[in-house]
Amino acid sequence: MRDLDVLGVRVEMPTNQPIVLLRERDGDRYLPVWVGAAEAAAIAFAQQGVTPPRPLTHDLLRDVITALGRELTEVRIVELRDDVFYATLVFSDGAEVSSRTSDAVALALRTKSPIRAADEVMDTAGVVVDEDEDDEVERFRAFLDHVSAEDFDTPGGPEEETPGPSTST
């Protein structure tokens, strides 16, 4: 099993299909998992620490697990079959429950449980991103972290010079 970190939710262009991007903690592979819009939102909310006024489904499940005196000890992505990922929720009492990978990731983020992938899954679906592409992704992320909506209010953005009044007659 390989430990994974959730990098975030992205939208694949041109299909506008949400992808959860997982990264191998002690390696150089990424695991892209295509998910539905609702699951993408649930994962993004958990990553951003958004607390809804009423519990969403994954929040409810976390609360039920706690109320029953259990803990989610880990999430395992155990198989890739017919282009579908299969996951297992592993609980403190040894119980294991099959899960959709998107739901498992959303729940793992809410319970701060580790996410792991079987070696076979990583060998089959893991994608290596070369160092130049990885640097470009990081630079783009840094840009997004420091840009604001106001930067896009005027044509050309904040760098555009505004011409002064004309002095010719």
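Refer to the structure above for everything that follows.
Summarised in this report is the structure supplied together with it. Quick caveat: nothing in here was measured; it's all calculated off a predicted structure.

## Regarding the sheet that holds strand 1 (residues 2-12)
As summarised here, the arrangement of the 8 strands in space is 6-5-4-7-1-2-3-8, forming an open sheet in which the pairing is mixed. With partners counted over all chains shown, the strands left at the sheet margins are strand 6 (96-100) and strand 8 (127-128), one partner each. In this structure, strand 1 lies alongside strand 7 (residues 115-117), joined through 3 bridges in antiparallel fashion. Following the sheet pairing, D3 is matched in strand 7 by R116. Sheet strands touched by helix 3 (residues 101-111): strand 1, strand 2 (17-24), strand 3 (29-34), strand 4 (72-81), strand 5 (84-91), strand 6 and strand 7. Its angle to strand 6, the strand with the most contacts, is close to 115°.

## Concerning the layout of surface pockets
By volume, the second largest pocket is sized at about 230 Å³. In terms of lining, the second largest pocket is formed by V33, W34, V35, G36, E39, L80, D83, V84, F85, R100, T101 and S102. Only strand 3, strand 5 and helix 3 provide two or more residues apiece to the lining of the second largest pocket. Across the lining of the second largest pocket, the residue classes tally to 6 nonpolar, 3 polar and 3 charged.

## Notes on helix 2 (residues 57-67)
An α-helix turns once every 3.6 residues. As a result, residues three or four positions apart point the same way. Of all the positions in helix 2, only H58, D59 and I65 are classed as buried. Viewed along the axis of helix 2, the buried residues span an arc of 125°, placing them on a single side of the element. Summarising the geometry of helix 2, the exposed residues directed more than 90 degrees from the buried face are T57 and A67. Buried residues along helix 2 sit in contact with helix 1 (37-48), strand 4, strand 5 and helix 3. After helix 2 finishes, the residue G69 shows a positive phi value of roughly 75°.

Thresholds applied
Residues numbered from 1 in each chain as written. Predicted model: local features only at pLDDT ≥ 70, side-chain atom pairs only at ≥ 80, totals over all residues. Heavy atoms only, no water. Pairing = 2+ DSSP bridges. Helix = DSSP H or I, 4+ residues; strand = E, 2+ residues; numbered from the N terminus. Contact = heavy atoms within 4.5 Å. Axes fitted to C-alpha atoms, helices over the stretch in contact; angles between N-to-C directions. 1 Å grid on protein atoms, 1.4 Å probe; cavity = no way out; pocket = protein on both sides within 12 Å on 5 of 7 lines; lining within 4 Å. Points joined across faces, edges and corners; volume = space filled by probe spheres on them. Nonpolar A, V, L, I, M, F, W, Y, C, P; charged D, E, K, R; others polar. Buried < 20%, exposed > 50% of the residue type's maximum accessible area, 1.4 Å probe, protein only. Arc of directions from axis to C-beta.

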